[in-house]
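Given next are the chains, with one letter for each unit.
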Amino acid sequence: RECVSNVSHELKTPITTIKGFVETLLDGDLDEQEDTRKFLGIISKHSDRLNAIIEDLLSLSRIEREEESAGIELVPGSVDVVLMAAVQACELKARDKNITLELACDSTIRARINPPLLEQALVNLIDNAVKYSDPGSVVGIEAVSAGQEIRIEVLDRGCGIPTGHHERIFERFYRVDKARSRNLGGTGLGLAIVKHIAVTHSGSVSVQSAPGKGSTFTIHLPSP
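Residues numbered from 1 in each chain as written. Predicted model: local features only at pLDDT ≥ 70, side-chain atom pairs only at ≥ 80, totals over all residues. Heavy atoms only, no water.

J.: Tell me what's going on with the overall build of the protein, and back it up with residues and numbers.
T.: For the protein, the count of helices and strands is six helices and seven strands. Counting helices and strands in the order they occur from the N terminus, the protein gives α-α-β-α-β-β-α-β-β-α-α-β-β. Sorting the 224 residues of the protein into buried and exposed places 41% on the buried side. A fraction of 74% describes how many contacts in the protein between residues 6 or more apart in sequence connect residues 24 or more apart. When the accessible surface of the protein is split by element, carbon and sulfur atoms take 51% of a total near 12400 Å². (Helix = DSSP H or I, 4+ residues; strand = E, 2+ residues; numbered from the N terminus. Buried < 20%, exposed > 50% of the residue type's maximum accessible area, 1.4 Å probe, protein only. Contact = heavy atoms within 4.5 Å. Areas by Shrake-Rupley, 256 points an atom, 1.4 Å probe, with all protein chains shown as cover.)

Take a look at the structure:
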């Protein structure tokens, strides 16, 4: 019930906005090109947000469905290959903000993984790090083998997260700063997806963060 309530709330905002500006355009003078262009830009932005929410909901649903049916296959693979693919997927957005992505991973590190799913989790974490980092900063992506686990860390030097939010940020639609998250294009589902992907790998995800000191998100995978 809580999930349905949250989904309804998240979808209602962009739908209401789109409907409102469409009605404004229909009731107004379409020859006013400046206003028309402005309103269409707002409609486009909220349409993109609506699409992003639906895509993330479908992704989360698919992961859960495959997990329940034991349909997610894990195979021995090189972690660095997945990390490089995730970094490449985020490079353009990072470059637009003049943010450097620094990758460190020994090519010998291996784990039982589902490469597309693990890449998706890493893209979500790197994308968040880029969103919440200042222009000109560095986002680090590192994998290390530590005893009985493989740790994959995404480090940023952004605004940081107060300790009181750490236990809840992996919940669906939970946001530390709702207004800022929405303005940056967040759906509130990215970290929930990361958590579910980690669990499907018999692992977990954790965060270390403090306001003004950045954040480190870590995916913990069992050693093969």
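J.: Summarise a nonpolar patch on the surface; cite the residues concerned and give the values.
T.: A surface patch of nonpolar side chains, about 240 Å² in accessible area, is lined by Val81, Met84 and Leu103. Within the secondary structure layout, valine 81 lies in helix H3 (residues 79–96). (Patch = residues over 30% accessible without salt bridge, like charges linked within 9 Å, V, L, I, M, F, W, Y side chains within 5 Å. Salt bridge = Lys/Arg side-chain N within 4 Å of Asp/Glu carboxyl O.)

J.: Residues and numbers for the pattern of salt bridges, please.
T.: Under the criterion given, the structure shown has six salt bridges. When the shortest N-O distance is used, the salt bridge between glutamate 153 and arginine 151 registers 3.8 Å. Among the ionic contacts, a cluster of salt bridges with common partners joins Lys93, Asp127 and Lys131.

J.: So what's going on with the packing of aromatic side chains? Which residues, and what values?
T.: Across all of its chains, the model carries two aromatic pairs by this definition. Measuring from centroid to centroid gives 5.2 Å for phenylalanine 21 and phenylalanine 39, while their planes differ by 45°, and the two rings are tilted. Of the two residues, phenylalanine 21 is situated in helix H1 (residues 2–27) and phenylalanine 39 in helix H2 (residues 33–68); the sequence distance between them amounts to 18 residues. On the basis of relative accessibility, which here comes to 23%, the residue phenylalanine 21 falls in the partly exposed class. Phenylalanine 39 sits in the buried class, given a relative accessible area of 17%. Relative to phenylalanine 217, the ring of phenylalanine 170 lies with its centre 6.1 Å away and its plane at 85°, an arrangement referred to as edge-to-face. Linking phenylalanine 170 in the loop between strand S5 (149–156) and helix H5 (178–183) with phenylalanine 217 in strand S7 (residues 215–222), this pair joins segments that are 47 residues apart in sequence. (Phe/Tyr/Trp six-rings, centres within 6.5 Å; stacked < 30°, edge-to-face > 60°.)

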